[in-house]
Each structure stands twice: as C-alpha cells, then as structure tokens.
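Residue strings, one per chain:
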Amino acid sequence: MRVIISRCLLGASCRYDGGSKPCEAVRSLASRVEVTSVCPETASGLPVPRPPAERRGGRVVLADGTDVTQAFESGAVISLGRAVGSAATLAVLKAKSPSCGRGLVYDGSFTGTLVEGDGILAARLEEEGIHVVTEDVVQSCRASVEHPVAIVLGSGLAGLLDAVKPVRRIDYRDIEGFPEDARPIEGHSFKAVVGSIDGTPVVVYPGRVHLYQGYSAAEVTALVRHAKHLGCRDIVFACATGAIPPNATTGLGLITDHINLTGTNPLVEPDDLRSVESPFVGMGDAYTPYLLELARGVAADEGIEVGEGVYAGMLGPSYETPAEIRALGMLGVSYVGMSTVNEVIMAHALGMNVLGVTLATNLAGDSSVDHESVLVAGQAHADEFGRLVRGVLRLLG
Ligand code: SF4
C-alpha cells in the first residue's frame, strides 16, 4: 500500500523554524507501507529559518506580513506531482498547517486561532480524489494493549478466531446488557477472546444476537458497549449478507454506508442513553474513511477481490420479496442483511472508529439460501477474509 506523508511527521527537519514534528503513530504506519514523503514548503524554495505562515482568507502570509501565496502554491504543485505519480489514494498530512492542514487551519491572526479550511496541498490532493487525514486520525485509530481492536464476527466468518493468540476469555453471560437466555446459533460462539492477532491487540466476539430473535436494540448492541468499556477505539463488524443486483455480486465487500430499515435504533433505548452524551448523533462518516482506505489498500496488495457499497439493515427473519429487492436496488443498496446497522449506530455514538466487512454469500432473493449454505460460503472465503482483516490489523498495530 502506498501512502503520501508529510515529511515533518516522519522526523525530517523541514519546518519553517528548522525543526520537525515527528509522530510515532505515523512513523509506525510508515514502516508498514510504501511512503511518498512530501514537503511543499521545502519544495517552494522558501528560506529556513523564516517567520511562521498562516492562511488568511485565500492567501498565505508570514508573521511579518509578507504575502507568500505564490511560493506556497508552487510548492504544492511540485508535491502534488509527486503524490499523483505515486498512485497513492491516502495521504497523512500535518494538522493545521497552511500547506498540509485538513479541516482546520490557523486563521492568519497568529494568535493560535483555528478556522475551518484546508492547507493548499491538502485541498489539491482532495480535488485529485486522494483521501487526506491528519496525524490525529492515525493516532486515534492506532491499536495498543490499552486500546485493542474489537472484531465482531458473523455467520460463517468465525474462522478468524483461529488466528488469535488468546490471553483470556469472557463469557457473554458476564457482559452487561447481553441477554442471559441467548444461545449461539450454529457457527457462532458466545465467548469473547481477548488476545492478539499477529501482535496487534484484539478482542474478538465470535457471535452476536439479532433483532429477529426477539431481542431489543439495546441487547444487540451490548457487545459494542462492552468493547468500548474495555478501551477499544476501533471496531470491525463482519457480517453475512445477500448481494443486491446489479449493484453488487457475491463475495467480500466493504460497507461504505448504511440504511437502517430495522424500524428501531439503539439510541431510543433508555439503557443506552446512559452511555452516550447525546442521542442526536450525526451519522456522516459512520464508517471511518481512514479504515476503509486501509482495507482497500490491503485488498489491492493481497490481490483480494472486494466490492463495496451501501448495506441495508432489515429486521428479518424473513428474506426480502422481489419488490423489496428491486426497491433496495433503486435506493443504491449493494448488500442486505439482518445485523450490523444498530451496532454501527451505537459504536459511532460512542466515538469509535468503524470498519464494516461483509461476505455476500448469495444474491438476494435466491430461495435456495439457508444457514448451511451461508456457512459453506463463509468457509470458501475464509482465507481471503482472514488476510483482509489481518492486513488491516497489521497497519493499525
Ligand atoms: Fe510539514 Fe507540510 Fe510544513 Fe513541510 S509543508 S514542514 S511537510 S507541515
């Protein structure tokens, strides 16, 4: 996987004052990917040391009032050429900088005040379709013993459990809010495993309960609150689905967004309101774009064929009618299933980073599908699914 990275984050002394801003999480990522380093300000030929620069409106000015917009523009063009030439689709740039900042930049008053906006290079990269994040995003997604990656496995996908080096197990009956009477369906287990996969700390939940079994939204999201309580910041949801033609075909897919058609929401449950600051949670970027980019990069590196698209969560347990399948297709849905959406809402409300991976085991509407065929499809894709998730975990470790 190729990633564009601000040179000062890697420890190069290229800042206006001759210093650097090394970030350990970014350096760790850099050690696992192919890096194209950029520093538009060095590329511009501006002298070092010099006064600091900030964005003021559409311009860039130094603290002594000199307008350096043209130099910053030319440096961005040179760096953009390197970035585009690398064919990377992800950039990790230094936050708040007038060149590299993304989302927030200093406002030109030199008082430490931030305003919404992008640095010049960051804006150019986004225009080229390259996803830009700051070092804060990489840091907030980094796994550690204190912040293991939670993985919730669905039907047919529990084989990943074999990759875990276990440290301890947690019976779901000991998890607050998980229904005491619940019994795992075939292919699921109700013992969470705390341990590591290839050295990355994880908590794996190899089974879940569903709304269609009569459980509430609060009960089906108990594992998410448990993961948050254990310190997990990243959570991977894996689920089996049906593919909606012509938007998707069978096989592995990355979930980019969802439509909640289950008729419920975990944030209406009084129990869950204890865990979140406000139930009025914005759902933009509920599927963390940075994690999606990592997954795309791993899939490309590993030669794993993955589709991607929108997941529609249904109550079930009956499958969709032909009219429903046509309607879902017109709504832009690629995958349809009976889990995940409420869990993702809960995780997003708790501020967790979410990656959704699905295995479309059949085309929606295929009347021959049963639980047995889902397990068989899971086995057929177990190797690819394992390599995909393990590849992402390595980049987070
Ligand atoms: Fe760092 Fe970007 Fe500034 Fe260069 S231009 S010093 S890479 S923030």
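Residues numbered from 1 in each chain as written. Predicted model: local features only at pLDDT ≥ 70, side-chain atom pairs only at ≥ 80, totals over all residues. Heavy atoms only, no water.

1. Details of the overall build of the protein
Rules: The way it works is that DSSP assigns letters per residue, a run of H or I at least four long becomes a helix, a run of E at least two long becomes a strand, and they are numbered from the N terminus. Every radius of gyration here is taken over C-alpha atoms, with the globule rule written as 2.2 Å times N^0.38, N being the number of residues. Accessible area is worked out with a 1.4 Å probe on protein chains only. A residue is then buried under 20% of its type maximum, exposed over 50%, and partly exposed in between. Whether two residues are in contact is decided by their heavy atoms, any of which lying within 4.5 Å being enough. Per-residue and other accessible areas follow the Shrake-Rupley method at a 1.4 Å probe size, with only the shown protein chains counted as cover for residues.
Of regular secondary structure, the protein possesses 13 helices and 17 strands. In terms of overall dimensions, the protein is globule-like: its C-alpha atoms have a radius of gyration of 23 Å, near the 21 Å expected for 397 residues. For the protein, the spread of C-alpha atoms along the three principal axes comes to 70 × 40 × 40 Å. By residue count, 53% of the 397 residues in the protein fall in the buried class. Excluding contacts between residues fewer than 6 apart, the proportion of contacts in the protein whose partners are at least 24 apart in sequence is 77%. When the accessible surface of the protein is split by element, carbon and sulfur atoms take 51% of a total near 16,700 Å².

2. Some points on the nonpolar core
As a reminder of what qualifies: For our purposes a nonpolar core is just a set of buried Ala, Val, Leu, Ile, Met, Phe, Trp, Tyr and Cys residues, chained together by side-chain atoms within 4.5 Å. Domain start and stop points were drawn from an automatic or database domain assignment.
By size, the foremost hydrophobic cluster in this structure holds 48 residues, and its most contacted members are Val92, Ile151, Tyr290 and Phe385. No fewer than three residues from each of domain 1 (2-140) and domain 2 (143-396) sit in this core. Residue contacts for Tyr290: discarding those within four places in its chain leaves Leu29, Leu90, His131, Val133, Val137, Val138 and Cys141. Core analysis: the second largest hydrophobic core is formed by 44 residues, Val276, Ala286, Tyr311 and Val341 among them.

3. Things to note about helix H11 (residues 341-349)
Most of H11 sits out of view: nine of its nine residues are buried. Those residues of H11 lying buried are Val341, Asn342, Glu343, Val344, Ile345, Met346, Ala347, His348 and Ala349. Phi turns positive one or two residues past the end of H11, at Gly351, with a value near 80°.

4. Remarks on the environment of Pro206
Residue placement: Pro206 occurs in the loop between strand S12 (200-205) and helix H6 (217-220). Look at Pro206 and you get buried, because its relative accessible area is 1%. Measuring from C-alpha to C-alpha, the distance between Pro206 and Gly156 comes to 10.0 Å, with 50 residues separating the pair along the chain.

5. A few points about the site of the ligand
Stated formally: A cutoff of 4 Å decides nearness: a residue is near a molecule or strand if any of its heavy atoms lies inside that distance of it. Amino acid classes used here: Ala, Val, Leu, Ile, Met, Phe, Trp, Tyr, Cys and Pro are nonpolar; Asp, Glu, Lys and Arg are charged; the rest, including Gly, are polar.
As a structural note, the neighbourhood of the ligand is formed by 13 residues, with Cys8, Val38, Cys39, Glu41 and Cys100 the closest of them. For the shell around the ligand, the per-class residue count stands at six nonpolar, three polar and four charged.

6. Structural notes on the domain arrangement of the protein
Our working rule: Buried area is calculated as the accessible area (1.4 Å probe) missing from two parts once they are joined, with the contributions of both summed. A pairing counts as a salt bridge when a side-chain nitrogen of Lys or Arg comes within 4 Å of a carboxyl oxygen of Asp or Glu. As used in this structure description, the phrase polar contact means that two N or O atoms lie within 3.5 Å; if the pair is within protein, one of them must be able to donate a hydrogen and the other to accept it, and residues adjacent in sequence are counted only when both atoms belong to side chains.
What the domain assignment reports for the protein is domain 1 (2-140) and domain 2 (143-396). Spacing between the C-alpha centres of domain 1 and domain 2 amounts to 35 Å. Each partner contributes to the roughly 850 Å² buried at the junction of domain 1 and domain 2, and carbon and sulfur atoms together form 59% of this total. There are zero salt bridges connecting domain 1 and domain 2. Between domain 1 and domain 2 we count five residue pairs in polar contact (both at pLDDT 80 or more) in total. Within the residue set of the side of domain 1 that touches domain 2, elements represented by two or more residues are strand S8 (131-134) and helix H5 (135-141). At four residues, the largest contribution of residues to the side of domain 1 that touches domain 2 is made by H5. Considering only residue class, the side of domain 1 that touches domain 2 consists of six nonpolar, four polar and one charged.

7. Quick look at the packing of helix H3 (residues 69-86) against helix H4 (residues 120-127)
What counts, and what does not: Lines fitted to the C-alpha atoms define the axes, with helices restricted to the stretch that makes contact. Angles between their N-to-C directions range from 0 to 180 degrees. Orientation is classified from the angle alone, with under 35 degrees giving roughly parallel, over 145 giving roughly antiparallel, 65 to 115 giving roughly perpendicular, and any other angle giving oblique. Crossing chirality is assigned from the near helix's rotation relative to the far helix, an anticlockwise turn below a right angle marking it left-handed and a clockwise turn marking it right-handed.
Contact pair H3 / H4: the axes reach a minimum separation of 9 Å and the direction vectors enclose 40°. Between H3 and H4, the angle is such that the two are oblique. The two elements H3 and H4 cross, and the hand of that crossing is right-handed. On H4, the residues that touch Phe72, Glu73, Ala76, Ser79, Leu80 and Ala83 of H3 are Ile120, Leu121, Arg124 and Leu125.

8. Looking at unusual backbone geometry
At the junction of Pro245 and Pro246, the peptide bond is cis and its omega measures out at 0° in the coordinates. Structurally, Pro246 is set in the loop between strand S13 (234-243) and strand S14 (251-261). A cis amide bond, omega 0°, links Gly316 with the succeeding residue Pro317. Along the chain, Pro317 turns up in the loop between strand S15 (307-314) and helix H10 (322-330). The phi dihedral of Phe110 falls on the positive side, at around 55°, and the residue is not glycine. Relative to the helices and strands, Phe110 is located in the loop between strand S6 (104-106) and strand S7 (114-116). For Phe110, a relative accessible area of 26% gives the class partly exposed. Residues other than glycine seldom take positive phi values, yet Asp285 does so here, at roughly 60°. The exposed category is assigned to Asp285, whose relative accessible area is 56%.

9. A few points about the pairing of S12
Stated precisely, the cut-off is as follows: What makes two strands pair is DSSP finding at least two bridges between them.
In terms of residue burial, S12 counts as a mostly covered element, since six of its six residues are buried. Every second residue of S12 is oriented toward a common face, with Thr200, Val202 and Val204 on one face and Pro201, Val203 and Tyr205 on the other, all of them buried. Looking at chain direction, strand S9 (residues 149-152) and S12 are connected through four bridges and run parallel. When the bridges of S12 are listed, Ile151 appears paired with Val204. In the sheet, strand S11 (residues 191-197) pairs with S12 via five bridges, with the strands oriented antiparallel.

10. Points about the sheet that holds strand S2 (residues 34-38)
One open sheet holds the four strands; their spatial order is S2-S1-S5-S8, and the pairing between them is parallel. Where the open sheet ends on each side, the last strands, each with one partner, are S2 and S8. Between one strand and the next, the sheet's axes are offset by a mean angle of 25°, whatever the strand orientation. The pairing of strand S1 (residues 2-6) with strand S5 (residues 90-93) spans three bridges and is parallel. Looking across to S5, one finds that Ile4 is bridged to Ala91.

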